[in-house]
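Each chain, letter by letter, is given below.
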Amino acid sequence: MGLRLQCTSCGSSTPASSLDLRCTGCGEPLEFHGYERAALQTGHEGERSLLRRYGSSLPVRDTFSHIYLGEGQTPLLEAPQAAGGLCGASLLFKNETVNPTWSFKDRGTVVAVADAMERGFGHVGVVSTGNMAASVAAYGARAGLRVLVIVSGRIPDFKLAPVAVYGATVVRVQADYAALYDMSLRLAPEAVRFVNSDSPSRIEGSKTIAYEVCEQMGYSAPRWVIVPTSSGGNLRGIIKGFEELKGAGLIDRLPGFVCAQAAGCAPIADAWVQGLTRVVEVEHPRTTAHAIENPRPPSGNAVLRKFGRIGGLCVSVEDEHILSAQRLMASVGVFAQPAGAVPLAAAEVMAARGLLCADDKVVCIVTGSGLKHVPMPAALPGRILDCSPRQLEGCMTEWLGVS
Ligand SMILES: *Cc1c(COP(=O)(O)O)cnc(C)c1O
Ligand SMILES: [Zn+2]
């Protein structure tokens, strides 16, 4: 049947060439399916570039692998010194802080940007506050594309400096993240390719985390994989990766997947605990782990559906606990941002609930670096603009007009 985009909910599918980012029938996320099973060999070992290494199981071929910046191939670190609270389980950090823009987002971005180039786009856009914006701005610059970053109005300038420094245009709109995400799906889809948190090609990039973990563990699956979750895109990608490995006979069972959220914004965990099939928007999100503070996660329902089918565990952790886990990780040499420390805190909660056994291998996905707050360069090559939701389209048209 070949590669196609299939709805994660109603199952309807469209050709892989379609520009749709979500199902036109039910609105839920689309996902690539139909790779040739035999193609999944994982590591073309010697290849450094993610697109070359895993090209046969990605929706893009390696034509654009020159946009490589060093993404992926991150270490899987044993950390027994930080496993004191884990009942004898062995702790492993998949250290995504060493990616080119210091978060796992680079994996999805390299695939999404290559996908945009393959489709002939000269402009990419993203709705984001931090890590994803920096990632898209960097790869866009590398690829010679123009980048538009839409952020929600409350974001201070200093957080936008690491984005504008790559030359991206940042538009600050007085609207919340979820509303901006929805708007972005309708903004000039023929002219600007949006590569948001759970866009289908981004999910394909995230699944390479699963491929690498398996390679690094000699093709055995860990007992648990704990993922700090916001939109749900990365968790979906990691699950998809393990499922593909199992489908290809490279591992014989799936790990247990843990959706780890901050207690101050845990829409997926809350819905799961209450037995709901759809997430309910969090009214007053509040957590120090800003990278996972999404009150209406666009892949939340998709995660709930997946867990309904294969099982899963949701754990939410308090800010204080996140910060102590962050310090514990730093004490063994890994400086994560609060979101990246959420998995360790969640592992400790699991241990306290009797869910971990001695020798269980627990992989924590350390999604992003602690070293994100940098002073702003005096003169930024990119522009930072402000506008209202009604002005956004005009603002974008103007941006498209200047080159
Ligand atoms: C984006 C991000 C997450 C959340 O990933 P989702 O795919 O949105 O669930 C977690 N941690 C860090 C550091 C991030 O940048
Ligand atoms: Zn659908």
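Details of the structure are given in the entry above.
A brief structural summary.

Basis of the calculations
Residues numbered from 1 in each chain as written. Chains lettered and ligands numbered in written order. Predicted model: local features only at pLDDT ≥ 70, side-chain atom pairs only at ≥ 80, totals over all residues. Heavy atoms only, no water. Donors = N, O, S within 2.8 Å, 3.2 Å for Na, K, Ca; no water. Tetrahedral: all angles 85-135°; square planar, octahedral: opposite > 155°, others 65-115°. Helix = DSSP H or I, 4+ residues; strand = E, 2+ residues; numbered from the N terminus. Near = heavy atom within 4 Å. Polar contact = N/O pair within 3.5 Å; in protein donor to acceptor, adjacent residues only side chain to side chain. Areas by Shrake-Rupley, 256 points an atom, 1.4 Å probe, with all protein chains shown as cover. 1 Å grid on protein atoms, 1.4 Å probe; cavity = no way out; pocket = protein on both sides within 12 Å on 5 of 7 lines; lining within 4 Å. Points joined across faces, edges and corners; volume = space filled by probe spheres on them. Nonpolar A, V, L, I, M, F, W, Y, C, P; charged D, E, K, R; others polar. Pairing = 2+ DSSP bridges. Contact = heavy atoms within 4.5 Å. Axes fitted to C-alpha atoms, helices over the stretch in contact; angles between N-to-C directions. Expected span 1.5 Å × (residues − 1). Core = buried A, V, L, I, M, F, W, Y, C linked by side-chain atoms within 4.5 Å. Buried < 20%, exposed > 50% of the residue type's maximum accessible area, 1.4 Å probe, protein only.

1. Considering the coordination of the zinc ion (ligand 2)
Next, step 1: Protein-derived coordination of the zinc ion (ligand 2) comes from Cys7 (SG), Cys10 (SG), Cys23 (SG) and Cys26 (SG), at a distance range of 2.3 Å.
Next, step 2: Seen from the zinc ion (ligand 2), its four donor atoms lie at angles of 96 to 123°, and the figure they make is tetrahedral.
Next, step 3: Within one chain, the residues donating to the zinc ion (ligand 2) are spaced in sequence as C-x2-C-x12-C-x2-C. One end of the pair, Cys7, is in strand S1 (residues 4-7); the other, Cys26, is in the loop between strand S2 (13-15) and strand S3 (30-33), and 19 residues separate them in sequence.

2. Thoughts on the site of ligand 1
Next, step 1: Of all residues adjacent to ligand 1, which total 16 residues, the nearest are Lys105, Asn131, Ser230, Ser231 and Thr367.
Next, step 2: Gly233 places a polar main-chain atom, nitrogen or oxygen, 3.4 Å from an oxygen atom of ligand 1.
Next, step 3: A distance of 2.7 Å is found between a nitrogen atom of ligand 1 and a side-chain nitrogen or oxygen belonging to Thr367.
Next, step 4: When the free accessible area of ligand 1 is taken as 390 Å², the share hidden by the protein chains comes to 96%.

3. Considering the layout of surface pockets
Next, step 1: The computed volume of the largest pocket comes to approximately 1,200 Å³.
Next, step 2: Taken together, 48 residues line the largest pocket, and the ones lying closest to its centre are Thr129, Gly130, His290, Ala291 and Ile292.
Next, step 3: Those elements that provide at least two residues to the lining of the largest pocket are helix H3 (131-143), helix H4 (157-164), helix H5 (177-184), helix H6 (200-216), helix H7 (233-247) and helix H11 (338-352).
Next, step 4: Of all the elements, H4 adds the most residues to the lining of the largest pocket, at four residues.
Next, step 5: Tallied by class, the residues present in the lining of the largest pocket amount to 20 nonpolar, 21 polar and seven charged.

4. As for empty space enclosed by the protein
Next, step 1: Applying the stated criterion to the full structure yields one cavity of 30 Å³ or more.
Next, step 2: Space inside the largest cavity adds up to approximately 30 Å³.
Next, step 3: Considering the residues around the largest cavity, the lining is formed by Leu21, Tyr181, Leu185, Phe194, Asn196, Asp198 and Ser199.
Next, step 4: Within the lining of the largest cavity, the residues separate by chemical class into four nonpolar, two polar and one charged.

5. Things to note about the sheet that holds strand S7 (residues 146-152)
Next, step 1: Spatially, five strands are ordered S9-S6-S7-S8-S14 in an open sheet, and the strand pairing comes out parallel. Where the open sheet ends on each side, the last strands, each with one partner, are strand S9 (193-194) and strand S14 (384-387).
Next, step 2: Running at roughly 165° to S7, helix H12 (residues 389-401) makes contact with strand S6 (123-127), S7, strand S8 (169-173), S9 and S14 of the sheet.

6. Points about helix H10 (residues 319-331)
Next, step 1: Relative to the 18 Å expected for 13 residues at 1.5 Å per residue, H10 spans 18 Å between its end C-alpha atoms, a close match to the ideal helical length.
Next, step 2: On its buried side, H10 packs onto strand S5 (90-95), strand S11 (256-262), strand S12 (313-317), H11 and strand S13 (361-366).
Next, step 3: Of the residues trailing H10, Gly333 is marked for its positive phi of about 100°.

7. A short note on the nonpolar core
Next, step 1: Formed by 86 residues in total, the largest nonpolar core has its most connected members in Val149, Ile150, Ile238 and Phe242.
Next, step 2: Membership of the second largest hydrophobic core comes to 36 residues, among which are Val258, Leu313, Ala346 and Met350.

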